[in-house]
Amino acid sequence: MWVQLVVAVLAGLFAVVVGFIGWKPNDYTVGSLALIELLLLVQGVVSIVLPATGSPPDGNALEFGVYAVSVLLVPPASIVWALVDRTKWSTVVLGAGAFTVAVMIYRMYQIWFALN
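In this text, all values refer to a predicted model and were calculated from it rather than measured experimentally.

**Side note on a nonpolar patch on the surface**
Here is step 1: On the surface, F14, V17, I21, W23 and Y28 cluster together to form a nonpolar patch covering roughly 540 Å² of accessible area.
Here is step 2: By residue number, the principal contributor to the nonpolar patch is helix 1 (residues 2–21), which donates three residues.
Here is step 3: You can see F14 is positioned in helix 1.

**Points about the pattern of salt bridges**
Here is step 1: Tallied over the full model, the rule gives one salt bridge.
Here is step 2: Where E63 meets R107, a salt bridge forms, and the shortest distance between an N and an O atom there is 3.1 Å. Linking E63 in helix 3 (residues 61–71) with R107 in helix 5 (residues 88–112), this pair joins segments that are 44 residues apart in sequence.

**Side note on helix 2 (residues 27–52)**
Quick reminder: α-helices carry 3.6 residues per turn. Residues three or four places apart thus point the same way.
Here is step 1: Between its first and last C-alpha atoms helix 2 spans 37 Å; for 26 residues at 1.5 Å apiece the expected length is 38 Å, and the two agree.
Here is step 2: Among the residues making up helix 2, those that are buried are T29, V30, S32, L33, I36, E37, L40, Q43 and S47.
Here is step 3: Where helix 2 begins, the capping side chain belongs to N26, and its oxygen is found 2.9 Å from the backbone nitrogen of Y28.

The rules behind the values
- Residues numbered from 1 in each chain as written.
- Predicted model: local features only at pLDDT ≥ 70, side-chain atom pairs only at ≥ 80, totals over all residues.
- Heavy atoms only, no water.
- Patch = residues over 30% accessible without salt bridge, like charges linked within 9 Å, V, L, I, M, F, W, Y side chains within 5 Å.
- Areas by Shrake-Rupley, 256 points an atom, 1.4 Å probe, with all protein chains shown as cover.
- Salt bridge = Lys/Arg side-chain N within 4 Å of Asp/Glu carboxyl O.
- Helix = DSSP H or I, 4+ residues; strand = E, 2+ residues; numbered from the N terminus.
- Expected span 1.5 Å × (residues − 1).
- Buried < 20%, exposed > 50% of the residue type's maximum accessible area, 1.4 Å probe, protein only.
- Polar contact = N/O pair within 3.5 Å; in protein donor to acceptor, adjacent residues only side chain to side chain.

So far we have only geometry, and geometry alone does not tell us how the molecule works.
What follows is the structure, encoded as C-alpha cells:
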C-alpha cells in the first residue's frame, strides 16, 4: 500500500507540474498512470488471495470491494481523457487521477485494517 501511495503521489505531482509548464500528454505522463493501474491490478489479486487464505479485512468487506473496483476505473478514464483531449490540461487531469487513486488507496487501507 505504501509503495502504491508513493508512486501515485509522485506521478500526480509530476503530471500536474509538467501540465502547468505546458507539456501535452506523453509517454511519461500516460505511462505513470499505466504503472499505477498495474499496481492496482496486483493489489486486486492480493485482495482476493488474502481472504481466501484466512486473512480477511477487519473492516467492511463490501465497502472495501466497492473501493477496489472503483479505483480500477480511475487511471483508464484519465488516460482516455488525455488521449482524446491532447492539451496541457489533460496532463493536469492525469495528475488529478493519480491523486484520486492515492486517496482511495489510503481509504482502502483504513477499511482493511478498520482504522476509521
